[in-house]
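Geometric and topological summary
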Amino acid sequence: MNHPNRPFVGGNWKMNLRLASAVELAEDVHAALSNQPLAADLDAVVFPPYPYLQAVGRALGHGPPQLGAQDLADHEDGAFTGQVSAGMLDDLDARWVIVGHSERRHGLEEPESVLHRKLVRALTSDLKAVFCVGETLAERESGMAEEVLARQVRSGFSGVDQGLLASVVLAYEPVWAIGTGRTAHPDDASQAHRWIRSTLADLYDAELAAATRVVYGGSVTAANAAELFSRPEIDGGLVGGASLKAETFAAICRAAAARLA
Ligand code: 13P
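Notes on the structure in this doc start here. (Residues numbered from 1 in each chain as written. Predicted model: local features only at pLDDT ≥ 70, side-chain atom pairs only at ≥ 80, totals over all residues. Heavy atoms only, no water.)

1. Notes on the packing of aromatic side chains
- Counting across every chain of the model gives three aromatic pairs.
- Relative to Phe157, the ring of Phe131 has its centre 5.3 Å away and its plane inclined at 75°; by these criteria the two rings are edge-to-face. Of this pair, Phe131 sits in strand S5 (residues 128–133) while Phe157 sits in helix H7 (residues 145–157), and the two are 26 residues apart along the sequence. Judged on exposure class, the residue Phe131 and its partner Phe157 are both buried. (Phe/Tyr/Trp six-rings, centres within 6.5 Å; stacked < 30°, edge-to-face > 60°. Helix = DSSP H or I, 4+ residues; strand = E, 2+ residues; numbered from the N terminus. Buried < 20%, exposed > 50% of the residue type's maximum accessible area, 1.4 Å probe, protein only.)

Written as structure tokens, this is what we have:
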């Protein structure tokens, strides 16, 4: 791979915080990222819980960071109790959305067909999508990781127009590394990123696969980010727990921006 892709760091706040602490964190992240010549060097995005999107969006102003949502409905507006449409996210100026996070794919058993429809809904609604894939511990230990990742990428992207790929970040999040403190070894993460790009190359072509951003998620911290991001295959991170502290999130963003230095 020649020129590094533009780094991406997402802060997935999951189901944490309250209104006041979410706004405070947004203000602190905004201040931390604005104080450094960072914003131009990477896409930094925070993903607050739905009820706080508007307040966090106001606190961020024009950013950085940018604003995203943790999920969206695969349908347009209508009789879908409890769901949130792409149009509603657009109203709140959320420009990014996570699709297929393991806590939904595995935790809520969302089927691959639904995740595919959510991805298409996001991309055709002018939202940028972070599409998550990742194997379970049992799948890794039985030597199935490559096959599982290929299946998840194929089912997500089959039929997706190649022109939409510039609006996608893929997140490799091995299920066993999420929230466990057990970060994937950079060699294993790089290997998984190569597998993901090889499936993208089959679906599209090698050039497009190389230009598509793939980031790592699963117990990323300020201490391990630089080593992970030093690998040419790893374009940044999707961060859970460590994104709940502004200074830690900013340090991870700095490590990602250093890829371009
Ligand atoms: P942790 O960083 O808390 O392991 O969470 C990773 C994740 O799921 C980000 O989406």
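2. Details of the sheet that holds S5
- Around the barrel, which closes on itself, the eight strands sit in the order S1-S2-S3-S4-S5-S6-S7-S8 with parallel pairing between neighbours. Across this sheet, the average inter-strand angle for adjacent strands is 25°, counted without regard to direction.
- The sheet contact formed by strand S3 (residues 66–69) and strand S4 (residues 96–99) spans two bridges and is parallel. From the neighbouring strand, Ala69 faces S4, where its bridge partner is Val97.
- Strands in contact with helix H5 (residues 112–124) are S4, S5 and strand S6 (168–172); relative to S5, the strand with the most contacts, it is inclined by about 160°. (Pairing = 2+ DSSP bridges. Axes fitted to C-alpha atoms, helices over the stretch in contact; angles between N-to-C directions. Contact = heavy atoms within 4.5 Å.)

3. Some details on the nonpolar core
- Grouped together as the largest cluster of nonpolar side chains are 68 residues, with contacts concentrated most on Val56, Leu89, Phe157, Leu170, Tyr216 and Phe229.
- In terms of residue count, the dominant contributor to this core is helix H11 (residues 246–257) (eight residues).
- Apart from residues lying up to four places away in sequence, Leu170 is in contact with Phe131, Val153, Phe157, Ile196, Leu200, Thr212, Arg213, Val214 and Val215.
- Among the nonpolar cores identified, the runner-up in size contains eleven residues, and Phe8, Cys132, Val169 and Leu238 belong to it. (Core = buried A, V, L, I, M, F, W, Y, C linked by side-chain atoms within 4.5 Å.)

4. A word on the pattern of salt bridges
- With the rule as written, the count across this model stands at 20 salt bridges.
- A salt bridge links Arg95 to Asp93; the shortest N-O distance between them is 3.1 Å.
- Residue Arg95 is classed as partly exposed on the basis of its relative accessible area, which comes to 35%.
- Look at Asp93 and you get partly exposed, because its relative accessible area is 48%.
- For the salt bridge of Arg154 with Asp202, the shortest nitrogen-to-oxygen distance reads 3.4 Å. (Salt bridge = Lys/Arg side-chain N within 4 Å of Asp/Glu carboxyl O.)

5. Brief notes about the site of the ligand
- Neighbouring the ligand are 13 residues, the closest being Lys14, His101, Gly179, Ser219 and Gly241.
- Between the ligand and Ser219, the relevant distance is 2.8 Å, taken from an oxygen atom to a main-chain nitrogen or oxygen of the residue.
- At 2.9 Å from an oxygen atom of the ligand is found a main-chain nitrogen or oxygen belonging to Gly240.
- Here the ligand has 310 Å² of accessible area as a free molecule, and 95% of this is covered by the chains.
- Taken together, the residues that form the shell around the ligand break down as four nonpolar, seven polar and two charged. (Near = heavy atom within 4 Å. Polar contact = N/O pair within 3.5 Å; in protein donor to acceptor, adjacent residues only side chain to side chain. Areas by Shrake-Rupley, 256 points an atom, 1.4 Å probe, with all protein chains shown as cover. Nonpolar A, V, L, I, M, F, W, Y, C, P; charged D, E, K, R; others polar.)

6. Concerning H5
- For H5, with 13 residues, the first-to-last C-alpha span of 18 Å sits near the 18 Å given by 1.5 Å per residue.
- Those residues of H5 that sit buried are Val114, Leu115, His116, Lys118, Leu119, Ala122 and Leu123.
- For H5, the secondary structure elements touched by its buried residues are S4, helix H4 (102–105), S5, H7 and S6.
- Once H5 finishes, Asp126 follows within two positions and takes phi at roughly 65°, a positive value. (Expected span 1.5 Å × (residues − 1).)

7. Focus: the pairing of S3
- Taken together, the two bridges between strand S2 (residues 43–47) and S3 define a ladder with parallel strand orientation. Bridging from a neighbouring strand, Val45 pairs with Gln66 of S3.
- Following the backbone out of S3, through helix H3 (residues 86–91) and into the adjacent parallel S4, one traces a crossover that is right-handed. (Right-handed = clockwise from strand over helix to strand, strands pointing away.)

8. Notes on the pairing of S5
- Of all six residues that make up S5, five are buried, and the element is covered over most of its length.
- Note that S4 and S5 share four bridges and pair parallel. Note on S5: the bridge partner recorded for Val99 is Phe131.
- Inspection of the sheet shows S5 paired to S6 by five bridges, in the parallel sense. Looking at the pairing, Phe131 lines up with Leu170 of S6.

Function cannot be inferred from these measures alone, as they are strictly geometric.
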